[in-house]
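Okay, here's what each chain looks like letter by letter:
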Amino acid sequence: MNYDIIGDIHGQYDKLIALLKHLDYAETNGIWSHSTHKAIFVGDLIDNKHIDAGISQLKTVMLVKAMVEAGSALCIMGNHEFNAITWLLPNPDDQTTFLREHNNNNHNQHKNFLAEVGENSPQHQEIIEWFKTLPLWLELPAGIRVIHAAWIEEYQAVLKPYLTENNSPTDELFIKASVKDSAEYVALEALCKGLEINLPENHSFNDKHGARRTNIRIRWWSNQANSTYRAAALVPEDARHSIPDLPIEQRDPRVKAYTGVPVFFGHYWFSGQPKPEADNIACVDYSAGKSGDSALVAYRWAGESVLTEAGFRFVG
Ligand SMILES: [Mn+2]
């Protein structure tokens, strides 16, 4: 079995259809499939602050859900699916509130999804029940690993006692990982959002939303010693210049050289020409969530242990 690992869609339904056609998937009775390939979605199917003609978060979810249920695709959980679940789950300590706070920021991130599915509708409930079945990571016997942001075994071990045999979170984990700064919260944040380090005091940069940030995401797979904050940061290339070019004084002990089988992830809103980060590391998120012509990207994996630039597929 060959696998096509597909990046974060964020509701860009037209880009998804274009990519599936490009990869020679075909639709039969409403279900997309390929005779010799299986698709793997890296999560973040939903949430987009824009409403464009090509965007449908609902149609995106229903297409992927149908593929997974028919066995033509696998899908893991991204931070946006986790957030969608905890948005709807009541806080057991206070049944008038929810595991994810219904504040303005969280609502703005999620409101287009809620409007499209109909908040609290049977359809909304059905989608959330399906999201709850998604694994946090995949480790396939064929020899690949897939996770939304960072493959870090120490953090996977923290969550393992609270996962089903399918590696999807149990109800207990949704509760534990919603308590800020709990061990489970820290682990889930790292796996689904990546590793962050603080910039030196009095330094900051503006992220893609224009928000001032005092921390950066760093590569979790290579030791950043002898590096600078600017070089180590996982940011779109056009934002790199805004990060201080100062040496990182202290190595982050969570970062280890990664020597396992190829691992694929999404999440980071990369830009430019898709290419592997290392022989065994590839990001498939090249900002398809943005409006405009940033394509949805896939990696077509045929069993190789050394990933190549030629393995990437996208329309354009
Ligand atoms: Mn993400």
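Residues numbered from 1 in each chain as written. Predicted model: local features only at pLDDT ≥ 70, side-chain atom pairs only at ≥ 80, totals over all residues. Heavy atoms only, no water.

Chemist: How would you sum up the pattern of salt bridges? Please name residues and give values.
Modeler: Enumeration over the complete set of coordinates arrives at 11 salt bridges. For the salt bridge of D171 with K132, the shortest nitrogen-to-oxygen distance reads 3.7 Å. Of this pair, D171 sits in helix α7 (residues 171-176) while K132 sits in the loop between α5 (122-131) and β8 (137-140); the two residues are 39 residues apart in sequence, bridging distant segments of the chain. One salt bridge connects R145 with E153, and the closest N-O pair in it is separated by 3.6 Å. A relative accessible area of 13% means that R145 is categorised as buried. On the accessibility criterion, E153 (46% relative accessible area) is partly exposed. (Salt bridge = Lys/Arg side-chain N within 4 Å of Asp/Glu carboxyl O. Helix = DSSP H or I, 4+ residues; strand = E, 2+ residues; numbered from the N terminus. Buried < 20%, exposed > 50% of the residue type's maximum accessible area, 1.4 Å probe, protein only.)

Chemist: Could you give an account of the environment of L16, naming the residues involved and the relevant values?
Modeler: Assignment of secondary structure puts L16 in helix α1 (residues 13-22). Between the C-alpha atoms of L16 and I51, which are 35 residues apart in sequence, the distance is 16 Å.

Chemist: With reference to specific residues and values, describe the coordination of the manganese ion.
Modeler: Taken together, D44 (OD), N79 (OD1), H148 (NE2) and H267 (ND1) make up the full set of protein donors to the manganese ion, lying 2.0 to 2.3 Å away. The sequence pattern describing where the donors of the manganese ion fall on their chain is D-x34-N-x68-H-x118-H. Taken together, the residues H148 in the loop between β9 (144-147) and α6 (153-159) and H267 in the loop between β14 (263-265) and β15 (281-283) connect sequence positions 119 residues apart. H267 shares its class with H148; the two are buried. (Donors = N, O, S within 2.8 Å, 3.2 Å for Na, K, Ca; no water.)

Chemist: Give me the lowdown on the packing of aromatic side chains, citing residues and values where you can.
Modeler: Geometrically, a pair of aromatic rings is defined through the distance of the ring centres and the angle of the planes. A complete count under the given rule lists 14 aromatic pairs for this structure. Ring geometry for Y299 and F312: centres 5.2 Å apart, planes at 90°, overall edge-to-face. Of this pair, Y299 sits in strand β16 (residues 298-301) while F312 is found in strand β17 (residues 312-313), placing the two residues 13 residues apart along the sequence. Taken together, the aromatic side chains of W220, W221, Y258, F264, F265, Y268, F270, Y286, Y299 and F312 make up a single cluster linked through ring pairs. (Phe/Tyr/Trp six-rings, centres within 6.5 Å; stacked < 30°, edge-to-face > 60°.)

Chemist: Give me the packing of α1 against helix α2 (residues 57-70): which residues, what numbers.
Modeler: At their nearest, the axes of α1 and α2 sit 9 Å apart, and the two run at 35° to each other. Like other packed secondary-structure pairs, α1 and α2 cross with a definite hand, here left-handed. Contacts between α1 and α2 involve Y13, L16, I17 and L20 on the former and, on the latter, K59, T60, L63, V64 and M67. Its residues assigned to classes, the contact of α1 with α2 comprises 7 nonpolar, 1 polar and 1 charged. (Axes fitted to C-alpha atoms, helices over the stretch in contact; angles between N-to-C directions. Left-handed = near helix turned anticlockwise from the far one by under 90°. Contact = heavy atoms within 4.5 Å. Nonpolar A, V, L, I, M, F, W, Y, C, P; charged D, E, K, R; others polar.)

Chemist: So what about the side chain of R300? Which residues, and what values?
Modeler: Relative to the elements of secondary structure, R300 occurs in strand β16. Among the polar contacts listed, one links the side chain of R300 to the side chain of D4, at a separation of 2.7 Å. Side-chain polar atoms of R300 contact the side chain of H37, separated by 3.4 Å. In contact with R300, other than residues within four places in its own chain, are Y3, D4, L23, Y25, H34, H37, G311 and R313. (Polar contact = N/O pair within 3.5 Å; in protein donor to acceptor, adjacent residues only side chain to side chain.)

Chemist: With reference to specific residues and values, describe the nonpolar core.
Modeler: Residues F41, L45, F131 and W220 are the most contacted members of the largest nonpolar core, which totals 101 residues. For L45, the residues in contact, after removing those within four places along its chain, are I9, H10, G11, T60, V61, V64, C75, E81, W130 and F131. (Core = buried A, V, L, I, M, F, W, Y, C linked by side-chain atoms within 4.5 Å.)

Chemist: An account of α1 is needed here, citing residue identities and associated values.
Modeler: Inspection of α1 places Y13, K15, L16, I17, L19 and L20 among the buried residues, and these make up the whole buried set. In this fold, the buried residues of α1 make contact with β1 (2-6), β3 (31-33), β4 (37-41), α2, β16 and β17. D24 sits one or two positions beyond α1 and adopts a positive phi of about 65°.

Chemist: Please give an account of the sheet that holds β8 that cites residues and values.
Modeler: Here we have 4 strands laid out as an open sheet, ordered β8-β9-β14-β15, and mixed in their pairing. Each edge of the open sheet is held by one strand with a lone partner, namely β8 and β15. Neighbour to neighbour, the strand axes of the sheet diverge by 15° on average, direction disregarded. Where β14 and β15 come together, 3 bridges link them in parallel fashion. Looking at the pairing, F265 lines up with C283 of β15. (Pairing = 2+ DSSP bridges.)

Chemist: Please provide a residue-by-residue account of the packing of helix α3 (residues 79-88) against α5, values included.
Modeler: Running from N to C, α3 and α5 cross one another at 125°; their axes reach a closest spacing of 9 Å. Classified by the angle between their axes, α3 and α5 sit oblique to one another. Regarding α3 and α5, the two cross each other, and that crossing is left-handed. Packed against α3, whose contacting residues are E81, A84, I85 and L88, the element α5 presents H124, Q125, I128 and F131 at the interface. (Parallel < 35°, antiparallel > 145°, perpendicular 65-115°, else oblique.)

Worth remembering: the numbers are spatial, not functional.
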